[in-house]
Amino acid sequence: MQQKSLISEYFNGKSVFITGVTGFIGKVLLEKLLRSCPGIDKIYVLIREKKGLLVSERLDKVLEAKLFSFCLDVDTIRKKVVAIDGDLSVEGMGLKESDRQLLVQKVAIVFHVAGDVKFNETIRDAVTNNLIGTKYITQLCRQCLALEALVHVSTAYAFCQHSDLEERIYPMTVSPEEVINAVETMNDKELTRYTEPLLEGRPNCYTFAKALAEHIVHRDRPDRLPVAIVRPSIVLPTYQDPTPGWIDCFNGATGIGVVGSLGIMRIADYDGQKHTSFIPADMIANALVAAAWHLVATRPTDVQIYHLASEPHNTPAVGKIIAAFVLAQQDSPSIKVVRPHAGIPQYRPSRLRVWLTVMVSHLMFAYLVDAIIWLLGHKPILVSVTNRMHNGFEMLSYFWMKEWTFRSQNTRSLLDWLAQRSPKDFNDYPFDVGAGIY
């Protein structure tokens, strides 16, 4: 007898609200819910107008992504997904009263996925994009009449000034309100001087704002509402669901891999012995859905925090990962390759060698290629790509030159609970980062 999906049964007739659906993780979560929970009533997605596109047009662009064509009928799912015009940086999310009442009356689960994952953004932008919106989400949750759970997406590096991280919220020397007030009242120069000592060793304002957002969620959640905070580490393309290797952006580690495969990157300063944690996007989506169901079924009184991060004992060293990637490039070279890639980069090359390679083989080569492109009547691009690559190196160096231990007792407990309660859902929603996928 075929087992039933208890998760799918729970979502039958329910409506959910998702922020950040135009982003990478948001798309993967939306696809998973539509495919695995066909009885779901409506999925309301918060989208703002951007670059002259209406929210309905931006939703159409989301659903036109290749991700939604593997296993879904797009015409059918369009009836279930409803775009809500709003902006997380605006008071009350800029919602029309009719839309607010719709969410208040209908929504059972909120997935707060939105966030601006830029490691070089200013403190003003980081707070606006990652903290203030979380404040407005908790305010909305306190109004919702049918709400059963809130799942908030953070980052495993929110408290990265600690090398051994537990699934708990660490104290901070400043409150979210103090930082928000500083953003609203100080000029950029004053704000930088004010916030720099508050980072406590964090490498950027993004991780600082995400840590403050966790404090907002913990403190301002509605009374007796079950809440989960999910902390993914460095996000990779999908592992297997609905298809292996899907991605629609080239930021972070994926972007570095792409410029390497195209032959643009010739050298990198990294420690090949360090272990850097990764998590595929489909595992994040699976964990978000499973965590929501667990919250509803068990109704914990305290915020549940889940690390989605491979630990050093089950993650190969960075050098081995790069070597495997280079072999994959050799087996399946890109048709857009600029020049043959440089092989496996040397660990910790000398500063002189880095400087010479950057000047000659990166920048001079880029200017030469762009000059040829310009002479042929096309828009130059390689200098811009090369500069973005160098900025990416600088922003990511903190993360691939260090090592963290992410304690994952809550995640293990969630997996065990899922396996005992619903073996089918344990198989259909895999997110065990210790299962040897690396």
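Calculation notes
Residues numbered from 1 in each chain as written. Predicted model: local features only at pLDDT ≥ 70, side-chain atom pairs only at ≥ 80, totals over all residues. Heavy atoms only, no water. Pairing = 2+ DSSP bridges. Helix = DSSP H or I, 4+ residues; strand = E, 2+ residues; numbered from the N terminus. Axes fitted to C-alpha atoms, helices over the stretch in contact; angles between N-to-C directions. Contact = heavy atoms within 4.5 Å. Core = buried A, V, L, I, M, F, W, Y, C linked by side-chain atoms within 4.5 Å. Buried < 20%, exposed > 50% of the residue type's maximum accessible area, 1.4 Å probe, protein only. Phe/Tyr/Trp six-rings, centres within 6.5 Å; stacked < 30°, edge-to-face > 60°. Lys NZ or Arg CZ within 6 Å of the ring centre and 35° of its normal.

A. Inspection of the sheet that holds strand 10 (residues 304-308) at higher detail. Within the open sheet, the 7 strands sit side by side as 3-2-1-4-5-7-10. Their pairing is parallel. Only two strands of the sheet have a single partner each, and these edge strands are strand 3 (81-85) and strand 10. Geometrically, the sheet is characterised by an average inter-axis angle of 20° between neighbouring strands, direction not taken into account. Across 4 bridges, the pairing between strand 5 (residues 149-153) and strand 7 (residues 227-232) is parallel. The residue of strand 7 that forms the bridge with Val-151 is Ala-228. Running over the sheet, helix 11 (residues 281-298) touches strand 4 (107-112), strand 5, strand 7 and strand 10 and is turned about 150° from strand 5.

B. Spatial organisation of the nonpolar core. Core analysis: the biggest nonpolar cluster contains 62 residues, and Phe-11, Ile-18, Leu-30, Leu-33, Phe-68, Ile-109 and Phe-111 have the highest contact counts within it. The element contributing the most residues to this core is helix 11, with 13 residues. Beyond its immediate stretch of four places on either side in the chain, Phe-111 contacts Val-16, Phe-17, Ile-18, Thr-19, Leu-29, Leu-33, Val-151, Leu-288, Val-289 and Ala-292. With 61 residues, the next largest nonpolar core counts Ile-169, Phe-208, Ala-213 and Ile-229 among its residues.

C. Looking closely at unusual backbone geometry. Residue Pro-242 is bonded to the preceding Asp-241 through a cis peptide linkage, with omega at 0°. Residue Glu-200 is not a glycine yet carries a positive backbone phi of 55°. Structurally, the position occupied by Glu-200 is in the loop between helix 8 (188-195) and helix 9 (205-220). The exposure class assigned to Glu-200 is partly exposed, which follows from its relative accessible area of 29%.

D. How the structure looks around the packing of aromatic side chains. Evaluated as defined, the whole model comprises 10 aromatic pairs. Plain terms: the ring middles of Tyr-398 and Trp-404 are 5.7 Å apart, the flat faces sit at 50° to each other, and that makes the pair tilted. Across the pair, Trp-404 and Tyr-398 agree in class, each one buried. By the ring-pair criterion, three or more aromatic residues cluster together here, those being Tyr-157, Tyr-398, Phe-399, Trp-404 and Phe-406. We note Arg-168 situated over the ring of Tyr-170; from NZ or CZ to the ring centre the distance is 3.9 Å.

E. Examining the environment of His-378 more closely. Relative to the helices and strands, His-378 is located in the loop between helix 13 (351-375) and helix 14 (382-400). Classification of His-378 as exposed rests on a relative accessible area of 52%. Each C-alpha atom, one on His-378 and one on Leu-295, is 54 Å from the other, the two residues being 83 residues apart in sequence.

Everything listed is a geometric property; what it means functionally is a separate question.
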